[in-house]
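Structure assessment
Chain by chain, the residues:
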Amino acid sequence: QVQLVESGGGLVQPGGSLRLSCAASGSFFSLNAMAWYRQAPGKQRDLVASIISGSNTNYADSVKGRFTISRDNAKNTVYLQMNSLNAEDTAVYYCNAVGHDAVWRRPFNSWGQGTQVTVSS
(Lines give C-alpha, C1' and ligand atoms only; values in the text may rest on other atoms or scores of the structure.)
Protein backbone atom coordinates (compact mmCIF):
# COMPACT_ATOMS: atom_id res chain seq x y z
CA GLN A 1 0.00 0.00 0.00
CA VAL A 2 1.30 3.41 -0.99
CA GLN A 3 0.30 6.56 0.82
CA LEU A 4 0.70 10.03 -0.62
CA VAL A 5 0.73 13.09 1.62
CA GLU A 6 0.53 16.54 0.05
CA SER A 7 1.47 19.83 1.61
CA GLY A 8 2.10 23.43 0.62
CA GLY A 9 -1.31 24.64 -0.48
CA GLY A 10 -2.87 27.86 0.72
CA LEU A 11 -4.02 31.33 -0.19
CA VAL A 12 -1.84 33.46 -2.43
CA GLN A 13 -2.30 36.73 -4.27
CA PRO A 14 -2.34 36.89 -8.06
CA GLY A 15 1.20 36.86 -9.38
CA GLY A 16 2.46 35.02 -6.33
CA SER A 17 4.12 31.64 -5.93
CA LEU A 18 3.54 28.42 -4.05
CA ARG A 19 5.41 25.16 -3.80
CA LEU A 20 3.52 21.92 -3.34
CA SER A 21 5.12 18.77 -2.02
CA CYS A 22 3.95 15.17 -2.11
CA ALA A 23 5.74 12.44 -0.20
CA ALA A 24 5.14 8.77 -0.97
CA SER A 25 5.45 6.21 1.79
CA GLY A 26 4.78 2.52 2.20
CA SER A 27 6.13 -0.55 0.55
CA PHE A 28 6.68 -0.49 -3.18
CA PHE A 29 9.08 -2.01 -5.67
CA SER A 30 9.05 0.94 -8.03
CA LEU A 31 7.63 4.43 -8.27
CA ASN A 32 7.55 4.96 -12.00
CA ALA A 33 5.65 8.17 -12.50
CA MET A 34 4.37 10.93 -10.29
CA ALA A 35 2.04 13.70 -11.26
CA TRP A 36 -0.08 16.60 -10.12
CA TYR A 37 -3.71 16.98 -11.10
CA ARG A 38 -6.16 19.70 -10.16
CA GLN A 39 -9.90 20.01 -9.90
CA ALA A 40 -11.77 23.29 -9.75
CA PRO A 41 -15.36 23.43 -8.46
CA GLY A 42 -17.77 21.99 -10.99
CA LYS A 43 -14.99 20.85 -13.31
CA GLN A 44 -13.25 17.58 -14.03
CA ARG A 45 -9.89 16.62 -12.63
CA ASP A 46 -7.17 17.53 -15.12
CA LEU A 47 -3.49 16.74 -15.41
CA VAL A 48 -1.24 19.66 -14.49
CA ALA A 49 2.22 18.09 -14.78
CA SER A 50 3.88 14.71 -14.67
CA ILE A 51 7.36 13.34 -14.27
CA ILE A 52 8.54 9.78 -14.89
CA SER A 53 11.65 8.02 -13.69
CA GLY A 54 14.49 10.29 -14.44
CA SER A 55 13.53 13.74 -15.62
CA ASN A 56 11.02 13.31 -18.42
CA THR A 57 8.34 15.92 -17.75
CA ASN A 58 5.01 16.88 -19.27
CA TYR A 59 2.87 19.98 -18.64
CA ALA A 60 -0.61 21.17 -19.40
CA ASP A 61 -0.51 24.05 -21.88
CA SER A 62 -2.10 26.37 -19.34
CA VAL A 63 0.84 26.06 -16.92
CA LYS A 64 3.82 25.79 -19.27
CA GLY A 65 6.46 28.35 -18.40
CA ARG A 66 4.91 29.02 -14.99
CA PHE A 67 4.95 25.65 -13.18
CA THR A 68 7.87 23.29 -12.69
CA ILE A 69 7.59 19.69 -11.55
CA SER A 70 10.55 17.93 -10.00
CA ARG A 71 11.21 14.88 -7.89
CA ASP A 72 13.67 13.73 -5.27
CA ASN A 73 13.99 9.99 -5.76
CA ALA A 74 15.88 9.52 -2.51
CA LYS A 75 12.94 11.02 -0.60
CA ASN A 76 10.20 9.59 -2.86
CA THR A 77 8.88 13.11 -3.10
CA VAL A 78 7.53 15.15 -5.97
CA TYR A 79 7.30 18.94 -5.99
CA LEU A 80 5.32 21.47 -7.97
CA GLN A 81 6.73 24.97 -8.05
CA MET A 82 3.97 27.32 -9.14
CA ASN A 83 4.83 30.87 -10.21
CA SER A 84 2.80 33.73 -11.66
CA LEU A 85 -0.37 32.29 -10.21
CA ASN A 86 -3.73 33.60 -11.34
CA ALA A 87 -7.34 33.04 -10.35
CA GLU A 88 -7.72 30.27 -12.92
CA ASP A 89 -5.20 28.22 -10.97
CA THR A 90 -7.55 28.03 -8.00
CA ALA A 91 -8.37 24.37 -7.41
CA VAL A 92 -7.74 21.36 -5.24
CA TYR A 93 -4.42 19.88 -6.29
CA TYR A 94 -3.98 16.11 -6.11
CA CYS A 95 -0.81 14.10 -6.16
CA ASN A 96 -0.77 10.86 -8.15
CA ALA A 97 1.74 8.03 -8.26
CA VAL A 98 1.97 4.89 -10.36
CA GLY A 99 4.36 2.02 -9.86
CA HIS A 100 4.57 -1.59 -8.68
CA ASP A 101 4.09 -2.96 -5.19
CA ALA A 102 6.88 -4.65 -3.29
CA VAL A 103 5.44 -8.11 -2.78
CA TRP A 104 3.73 -9.18 -6.00
CA ARG A 105 5.03 -6.45 -8.31
CA ARG A 106 1.47 -5.59 -9.17
CA PRO A 107 0.83 -2.14 -10.60
CA PHE A 108 -0.74 0.50 -8.40
CA ASN A 109 -2.25 3.90 -9.03
CA SER A 110 -2.51 5.99 -5.85
CA TRP A 111 -3.91 9.41 -5.03
CA GLY A 112 -3.30 11.88 -2.26
CA GLN A 113 -6.04 13.56 -0.29
CA GLY A 114 -5.66 16.87 -2.10
CA THR A 115 -4.52 20.32 -1.05
CA GLN A 116 -6.42 23.54 -1.71
CA VAL A 117 -4.77 26.33 -3.67
CA THR A 118 -6.65 29.62 -3.76
CA VAL A 119 -5.44 32.58 -5.77
CA SER A 120 -7.21 35.74 -4.73
CA SER A 121 -6.53 39.32 -3.79
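Quick caveat, the model's predicted, so the values are computed rather than measured. (Residues numbered from 1 in each chain as written. Predicted model: local features only at pLDDT ≥ 70, side-chain atom pairs only at ≥ 80, totals over all residues. Heavy atoms only, no water.)

Let's talk about the nonpolar core
By size, the foremost hydrophobic cluster in this structure holds 31 residues, and its most contacted members are Met34, Trp36, Leu80, Met82 and Tyr93. Elements that contribute at least two residues to this core include exactly strand S1 (2–7), strand S3 (18–26), strand S4 (28–39), strand S5 (46–52), strand S7 (67–72), strand S8 (77–82), strand S9 (91–101) and strand S11 (115–119). For methionine 82, the contacting residues outside a window of four places in its chain are Gly16, Ser17, Leu18, Leu20, Arg66, Phe67, Tyr93 and Val117. (Core = buried A, V, L, I, M, F, W, Y, C linked by side-chain atoms within 4.5 Å. Buried < 20%, exposed > 50% of the residue type's maximum accessible area, 1.4 Å probe, protein only. Helix = DSSP H or I, 4+ residues; strand = E, 2+ residues; numbered from the N terminus. Contact = heavy atoms within 4.5 Å.)

Some points on the state of the cysteines
As enumerated under the stated definition, the model contains 1 disulfide in all. There is a disulfide in this structure between cysteine 22 and cysteine 95, and the S-S distance comes to 2.1 Å. In this structure, the disulfide formed by cysteine 22 and cysteine 95 twists by about -85 degrees around the S-S bond and is classed as left-handed. One end of the pair, cysteine 22, is in strand S3; the other, cysteine 95, is in strand S9, with 73 residues separating them in the sequence. (Disulfide = S-S within 2.5 Å.)

Quick notes on unusual backbone geometry
The residue asparagine 76 is not glycine, and still its phi comes out positive at about 50 degrees. Examined against the element boundaries, asparagine 76 turns out to sit in the loop between S7 and S8. A residue is classified by how much of its surface remains accessible, and asparagine 76, at 24% relative accessible area, is partly exposed. Of note in this structure, serine 84 is not a glycine but carries a positive phi near 50 degrees. Note that serine 84 resides in the loop between S8 and S9.

Considerations on the pairing of S4
Note on strand geometry: in a regular strand, side chains alternate between the two faces of the sheet. The pairing of S4 with S9 spans 10 bridges and is antiparallel. Pairing of tryptophan 36 across the sheet is with cysteine 95, part of S9. Relative to S5, S4 is paired through 6 bridges, and the arrangement is antiparallel. Across the sheet, the residue bridging to alanine 35 is serine 50, located in S5. Counted between consecutive antiparallel strands, the loop separating S4 from S5 contains 6 residues, among which glycine 42 sits at a positive phi close to 75 degrees. (Pairing = 2+ DSSP bridges.)

Here's the deal with the packing of aromatic side chains
This model, assessed by the stated rule, comprises 2 aromatic pairs. Seen in terms of ring centroids, phenylalanine 28 and phenylalanine 108 are 6.4 Å apart; in terms of plane orientation they differ by 55 degrees. Their pairing is tilted. Separated by 80 residues along the polypeptide, phenylalanine 28 in strand S4 and phenylalanine 108 in strand S10 (residues 107–111) bring together distant segments of the chain. Comparing phenylalanine 28 with phenylalanine 108, the two get one shared label, buried. Over the ring of tyrosine 94 we find arginine 45, and its NZ or CZ is 3.6 Å from the ring centre. If you follow arginine 45 out to its NZ or CZ, it ends over the ring of tryptophan 111, 4.7 Å from the centre. (Phe/Tyr/Trp six-rings, centres within 6.5 Å; stacked < 30°, edge-to-face > 60°. Lys NZ or Arg CZ within 6 Å of the ring centre and 35° of its normal.)

A short note on the sheet that holds S7
Pairing within the open sheet is antiparallel, and its 4 strands lie in the order S1-S3-S8-S7. Only two strands of the sheet have a single neighbouring strand rather than two, namely S1 and S7. Taking the axes of each pair of neighbouring strands and ignoring which way they run, one obtains an average angle of 15 degrees across the sheet. As paired strands, S1 and S3 are joined by 6 bridges and run antiparallel to one another. Residue pairing for S3: valine 5 is matched across the bridge by alanine 23. (Axes fitted to C-alpha atoms, helices over the stretch in contact; angles between N-to-C directions.)

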